[in-house]
Amino acid sequence: MDIKETVIALSESYGASGSENGTAELAVKMLGEYCCDAQIRNGNVVGSFGEYKEGAPLLLIDAHLDQIGMIVSYITDDGFIKVGNLGGLDRRLLPAQQVVIHGKERIKGVICSVPPHLSSGESAVQKIDDIAIDTGMSKEELESIVSLGDSITFDVKCKELLGNRITGGALDDRCGIASILYALELLEGAKLRYNVKVLFSAQEELGERGAKIGAYEINPDEAIAVDVSFGYTVSETEHKCGHLGKGAMIGISPSLSREVSDGLIECAQRENIPYQLEIMNGLTSTNADRFSVNREGAKACTLSIPLRYMHTPVEVIDIEDVKLTGKLLASYIREAE
């Protein structure tokens, strides 16, 4: 597989939290190349990889499908769309952004922005209730196409930067999906020490809802949530971030299984796979929080891909980190020779 093309295709698919159908349909098609039973269940994409091995522990590997966005809450008499947020939007950057409203057909729009000439010179962050979208259409025209509750996403395409880096929207967590698919490709025909289930989960940005129902059905012994975490820039606290191009960040936290964390570290060292550590002092704010308390509990861990400018239309990753994450996953799952 071409990892960069896979990441871009997934990133440019539409799937705001609660409306992930477009991304799910693409993801289930991709997963079907490796899992003959790949299907969409309750919004999640699930599949079984490899032959069932009696007595082997069940490992769940997960990445989430959904992206942040907005929801249509009201259409004003003069034709502006008012919105609510889906997930943790960074409201500082919303004015003047281009968006797509997913109604009966897709409509382009822009988020209203007051010119500096007409402002008081202050740049206070707007409340979500103050945000409005201009499509150029009247209320009557909009109401024939747009319904209350329709989802809205940023209108953005991926662009290649220098080296192996790309920028775009929804790289959180479509790059995690790509890394899992790459791991499955590396594992084709290999002997596995686990029975493996794959979950591409819905509604992570709304409180890990898809992960909760997916884990309950699968009931794994171990689970690894592949997500993104903060990539270092000059304005960040360096020890709290990962560096782009230096591999996956292995999670260490009191809410995670130190056994799995150490196993991933040992695997990376044995196979000479670059890695970083992500130290957390409580919950992880990822699907691993759901996996660790599912039913009787599961040994859960996180693998995070460093990402800059999270929850914006210009997220940045290094494709090498996606590749290294998939390579580490595959090495951990493969039966030791």
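Criteria and thresholds
Residues numbered from 1 in each chain as written. Predicted model: local features only at pLDDT ≥ 70, side-chain atom pairs only at ≥ 80, totals over all residues. Heavy atoms only, no water. Helix = DSSP H or I, 4+ residues; strand = E, 2+ residues; numbered from the N terminus. Contact = heavy atoms within 4.5 Å. Core = buried A, V, L, I, M, F, W, Y, C linked by side-chain atoms within 4.5 Å. Buried < 20%, exposed > 50% of the residue type's maximum accessible area, 1.4 Å probe, protein only. Pairing = 2+ DSSP bridges. Axes fitted to C-alpha atoms, helices over the stretch in contact; angles between N-to-C directions. Parallel < 35°, antiparallel > 145°, perpendicular 65-115°, else oblique. Left-handed = near helix turned anticlockwise from the far one by under 90°. Nonpolar A, V, L, I, M, F, W, Y, C, P; charged D, E, K, R; others polar. Polar contact = N/O pair within 3.5 Å; in protein donor to acceptor, adjacent residues only side chain to side chain. Right-handed = clockwise from strand over helix to strand, strands pointing away. Salt bridge = Lys/Arg side-chain N within 4 Å of Asp/Glu carboxyl O.

## With respect to the environment of isoleucine 319
Alright, step 1. Structurally, isoleucine 319 can be placed in helix α8 (residues 319-333).
Alright, step 2. Each C-alpha atom, one on isoleucine 319 and one on alanine 178, is 10.0 Å from the other, the two residues being 141 residues apart in sequence.
Alright, step 3. Each residue touching isoleucine 319, except ones within four places of it in the same chain, is listed here: Ile3, Lys4, Val7, Asn164 and Ile166.

## Thoughts on the nonpolar core
Alright, step 1. Val7, Ile61, Phe200 and Ile224 are the most contacted members of the largest nonpolar core, which has 58 residues in total.
Alright, step 2. With near-sequence residues (within four places) excluded, phenylalanine 200 lies in contact with Ala27, Leu31, Asn44, Val45, Ala63, Leu65, Ile177, Ile180 and Leu181.
Alright, step 3. If you look at the next biggest cluster of nonpolar residues, it comprises 20 residues, including Ile68, Ile81, Val146 and Ile152.

## Some thoughts on the pairing of strand β17 (residues 315-318)
Alright, step 1. Residues Glu315 and Ile317 point to one face of β17 and Val316 and Asp318 to the other, with burial holding for every one of them.
Alright, step 2. Pairing geometry for strand β11 (residues 165-168) and β17, over 4 bridges, is antiparallel. By the bridge assignment, isoleucine 166 is partnered in β17 with isoleucine 317.

## Re the packing of helix α1 (residues 3-11) against helix α4 (residues 171-187)
Alright, step 1. α4 packs onto α1 with a crossing angle of 140° between their chain directions and a minimal axis gap of 9 Å. In terms of axis orientation, α1 runs oblique to α4. The hand of the α1/α4 crossing is right-handed. In this structure, α1 uses Ile3, Thr6, Val7, Leu10 and Ser11 to contact α4, whose residues at the interface are Leu171, Arg174, Cys175, Ile177, Ala178, Leu181 and Tyr182.
Alright, step 2. Across the contact of α1 with α4, the residue classes break down as 9 nonpolar, 2 polar and 1 charged.

## Side note on the environment of aspartate 77
Alright, step 1. Summarising the element assignment, aspartate 77 is placed in the loop between β4 (69-75) and β5 (80-86).
Alright, step 2. Side-chain polar atoms of aspartate 77 contact the side chain of lysine 139, separated by 3.1 Å.

## Thoughts on the side chain of serine 331
Alright, step 1. Positionally, serine 331 belongs in helix α8.
Alright, step 2. If sequence neighbours within four positions are ignored, serine 331 has contacts with Cys267, Glu271 and Ile273.

## Points about the sheet that holds β11
Alright, step 1. Read from one edge of the open sheet, 3 strands run β10-β11-β17, paired in antiparallel fashion. Each edge of the sheet is formed by a strand with only one pairing partner; in this case those strands are β10 (159-160) and β17.
Alright, step 2. Strand direction decides the pairing type here: β10 and β11, joined by 2 bridges, are antiparallel. Bridge pairing in β11 places glutamate 160 opposite isoleucine 166.
Alright, step 3. α8 rests against β11 and β17 of the sheet, and its axis sits at about 55° to β17.

## Observations regarding the sheet that holds β5
Alright, step 1. Strand order in the closed barrel formed by 6 strands is β4-β5-β8-β7-β6-β9, with antiparallel pairing between adjacent strands. This sheet shows a mean twist of 45° between the axes of neighbouring strands, independent of strand direction.
Alright, step 2. Strand direction decides the pairing type here: strand β6 (residues 98-102) and strand β7 (residues 106-111), joined by 5 bridges, are antiparallel. The residue of β7 that forms the bridge with valine 99 is glycine 109.

## A closer look at the pairing of strand β15 (residues 275-279)
On any regular strand, side chains alternate: one points to one face of the sheet, the next to the other face.
Alright, step 1. Residue alternation in β15 divides its side chains into a buried set, Gln276 and Glu278, and an unburied set, Tyr275, Leu277 and Ile279.
Alright, step 2. With 5 bridges joining them, strand β14 (residues 248-252) and β15 adopt parallel strand pairing. In the strand pairing of β15, methionine 249 is matched with glutamine 276.
Alright, step 3. Regarding the hand of the β-α-β motif, the stretch spanning β14, helix α6 (residues 258-271) and β15 is right-handed.

## Here we look at the pattern of salt bridges
Alright, step 1. In the structure shown here, the tally under the stated rule is 11 salt bridges.
Alright, step 2. The shortest N-O distance in the salt bridge between glutamate 160 and lysine 4 comes to 3.3 Å. In this pair, glutamate 160 is assigned in strand β10 and lysine 4 in helix α1, connecting sequence segments 156 residues apart.
Alright, step 3. The class of glutamate 160 is exposed, set by a relative accessible area of 55%.

## Focus on the side chain of threonine 135
Alright, step 1. Counting through the fold element by element, threonine 135 comes out in the loop between β8 (132-134) and α3 (139-143).
Alright, step 2. At a separation of 3.2 Å, a polar atom in the side chain of threonine 135 contacts the main-chain amide nitrogen of methionine 137.
Alright, step 3. Residues within four places of threonine 135 in sequence aside, it is in contact with Ile81, Ile101, Ile107, Lys108, Gly109 and Leu142.

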